[in-house]
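# Results of the structural survey
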Amino acid sequence: SNIQWNDKGLSFDGDIELYSSDIRKTDFIGRVPVQIKGTTTHKKQHKKSKIKHSVNKKDLEVYYKDGNGVLYFVVTINPNTYDRQAYYRSLAPLDLKGLLDTLEANGNDSISIPFKKLDKGHLERVCTTFIQIVEKQPKQYIEASNKMEFTNYTINYADIQEGLFDPFEEPVYIYGVLENIEIPIETATLFEIRKKDNEVITIDQEEINVEYELKETKEVISLIIENSLTFEFNKKKKTGEVNLSSI
């Protein structure tokens with residue numbers, strides 16, 4: 001890595017070079033721009049899987065103009081015990097564009113975003129994923145996408161980490177497909193997963209077709225049978241209820 005501590009440069013603190021095996025030109029995979037911020041805390045922060053940290057608008061503008069994204073680290077330090085824990089956020093060009101659009105709309109100079117805990121031994125995976133995402137999001141494609149028309153789209157989650165992945169919190173990257181080329185358009189947040197289907201059940205040797213709908217949001221899972229019987233489970237409160245409406 002090429003990290004400059006206490007660096008006074010323009011928004012970046014350096015970069016991490018990724019190699020497939022040995023450190024030689026033929027094994028070079030890519031370079032990851034890095035920003036590192038330190039913050040003190042008296043809480044047992046290292047036990048948290050996620051934290052929030054504020055990022056300055058001017059820095060985001062620099063990252064976006066650079067076109068290569070940034071792997072942003074926040075390191076929490078307990079001044080009494082000197083315990084340290086690193087958290088990270090991959091900010092690809094589409095992420096940066098979305099954050100800047102939000103700041104432009106609300107007029108703020110900074111925005112608080114979530115960071116994930118960086119577990120030991122996971123840095124290489126994070127860097128590899130980051131490079132793969134950035135390669136799919138050239139800034140010139142993003143800026144040209146609003147002048148294009150698409151009929152087909154693909155969506156991708158980026159950082160799917162076991163135990164920390166929540167489809168309702170992770171940003172979704174949306175790409176328009178044009179002549180088999182994926183054009184980056186924007187990020188989105190999943191609001192609801194919905195599935196409709198039917199099952200044939202047998203009662204007293206009579207087959208009955210039963211329609212049902214399964215819905216899931218960040219807080220609730222619902223099963224609706226024949227638009228009348230509803231089973232609802234609240235994921236946060238760990239409670240459930242049953243409702244029967246008139247047919």
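Residues numbered from 1 in each chain as written. Predicted model: local features only at pLDDT ≥ 70, side-chain atom pairs only at ≥ 80, totals over all residues. Heavy atoms only, no water.

## Structural notes on the sheet that holds strand β9 (residues 171-178)
For the record, the criterion: Strands were regarded as paired on the criterion that DSSP finds at least two bridges between them. Working definition: helices are DSSP H or I runs of at least four residues, strands are E runs of at least two. Numbering for both runs from the N terminus. Axis definition: a line fit to C-alpha positions, over the contact stretch in the case of helices; interaxial angles, taken between N-to-C directions, run 0 to 180 degrees. The contact criterion used is simple: two residues touch if any of their non-hydrogen atoms lie within 4.5 Å.
Read across the sheet, 3 strands follow the order β8-β9-β10 without closing on themselves; strand pairing throughout is antiparallel. Edge positions in the sheet fall to β8 (152-157) and β10 (181-189), since each of these pairs with one other strand and no more. Here the average twist between neighbouring strands, direction ignored, is 30°. Pairing of β8 with β9, which is carried by 6 bridges, proceeds in the antiparallel orientation. Counted as the bridge partner of Y157 is V172 from β9. Contacts between helix α2 (residues 93-106) and the sheet are confined to β9 and β10, with β10 contributing the most and set at about 45° to the helix.

## Some details on the sheet that holds strand β11 (residues 193-203)
What links the strands of a sheet is backbone hydrogen bonding, and the strands pair in either a parallel or an antiparallel sense. An order of β11-β12-β13-β14-β15 is seen for the 5 strands of this open sheet, with the pairing classed as antiparallel. The open sheet has two edge strands, β11 and β15 (239-244), and neither has a second partner. Each strand axis lies, on average, 15° off the axis of its neighbour in the sheet, ignoring direction. In the sheet, strand β13 (residues 220-225) pairs with strand β14 (residues 229-234) via 6 bridges, with the strands oriented antiparallel. Each bridged residue has a counterpart across the sheet, and for L223 the counterpart in β14 is F231.

## Examining the pattern of salt bridges
Applicable threshold: Salt bridge, as used here, is a side-chain nitrogen of Lys or Arg placed within 4 Å of a carboxyl oxygen of Asp or Glu. Each residue's exposure class comes from its accessible area (1.4 Å probe, protein chains only) as a fraction of the maximum for that residue type: buried when under 20%, exposed when over 50%, partly exposed otherwise.
Applying the stated criterion across every chain yields a total of 13 salt bridges. Between K235 and E216 there is a salt bridge; the shortest N-O distance is 2.9 Å. Here K235 is found in the loop between β14 and β15, whereas its partner E216 is found in strand β12 (residues 206-216), with 19 residues between them in sequence. Note on E216: relative accessible area 26%, which makes it partly exposed. What emerges from the salt-bridge pattern is a single network uniting K50, D166, E169 and K218.

## Some words on the packing of helix α1 (residues 57-66) against α2
Inclusion rule: Crossing handedness: left-handed means the near helix sits turned counterclockwise from the far one by under a right angle, and right-handed means the same turn made clockwise. All residues other than Ala, Val, Leu, Ile, Met, Phe, Trp, Tyr, Cys, Pro, Asp, Glu, Lys and Arg, Gly among them, are scored as polar; the first ten of these are nonpolar and the last four charged.
Across the interface, α1 lies against α2 with an axial gap of 9 Å and an inter-helix angle of 145°. For the pair α1 and α2, the sense of crossing is left-handed. Contact residues: α1 offers K57, L60, E61, Y63 and Y64, while α2 offers P93, L96, K97, L99, L100, L103 and E104. Residue classes in the contact of α1 with α2 are distributed as 8 nonpolar, no polar and 4 charged.

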